[in-house]
Amino acid sequence: MTLSFVSLRASETVTWIKVDRPTFDLVGVVLSSLGLAGICAGVALTLGAVLGIGFIVRGRRAPSPLSERLSLHLLQAPPH
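All values derive from a computational prediction rather than experimental measurement.

Conventions adopted
Each chain has its residues counted from 1, following the order in which its sequence is written. In keeping with the model being predicted, local features are shown solely for residues with a pLDDT of at least 70 and side-chain atom pairs are shown and tallied solely at 80 or more, while totals for entire chains, interfaces and linings include all residues. Values shown for side chains rest on all heavy atoms present in the structure; no hydrogens or waters enter the calculation. Helix and strand assignments follow DSSP, with helices taken as H or I runs no shorter than four residues and strands as E runs no shorter than two, numbered in order from the N terminus. Note on exposure labels: buried denotes an accessible area under 20% of the residue type's maximum, exposed denotes more than 50%, and partly exposed covers the range between, all computed with a 1.4 Å probe on protein chains only. Computed with a 1.4 Å probe, the accessible areas rest on the Shrake-Rupley method; for each residue, only the protein chains presented here act as cover. Patch membership requires over 30% relative accessible area and the absence of a salt bridge. Like charges are linked within 9 Å, and nonpolar side chains (Val, Leu, Ile, Met, Phe, Trp, Tyr) within 5 Å. Salt-bridge detection follows one rule: a side-chain nitrogen of Lys or Arg within 4 Å of a carboxyl oxygen of Asp or Glu. For every residue, the predictor states its confidence as a pLDDT score lying anywhere from 0 to 100.

**Brief notes about the overall build of the chain**
Within the chain one finds 3 helices and 0 strands. A total of 80 residues make up the chain; the buried ones form 0% of that total. Here the chain has roughly 8,200 Å² of accessible surface; of this, 69% comes from carbon and sulfur atoms.

Next up, the structure:
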């Protein structure tokens, strides 16, 4: 009996399958986009704060001023 059932199922051809009409969830897309933008803004804010505080602390610990470190010393007067 199972042999005839298998041969019957193998000879059938499926031409179409009924599915529900797709819907576009605009609210879901907008909320997902806002969530992703919020995560990116949070990461950028955190990274900027950490780097900014690091640069400020490093600049205060430096023995010479920033302008002295970045200068090329092209216009120095010769020693007397």
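**Section: a nonpolar patch on the surface**
A contiguous nonpolar surface patch, about 720 Å² in accessible area, is contributed by F24, L26, V27, V29, V30, L31 and L34. Along the chain, the position of F24 falls in the loop between helix 1 (2-11) and helix 2 (26-61).

**What to know about the confidence of the model for the chain**
The pLDDT averaged across the chain works out to 81; a share of 71% of its residues lies at or above 70. Within the chain, the element-level pLDDT minimum falls on helix 1, averaging 56, and the maximum on helix 2, averaging 94.

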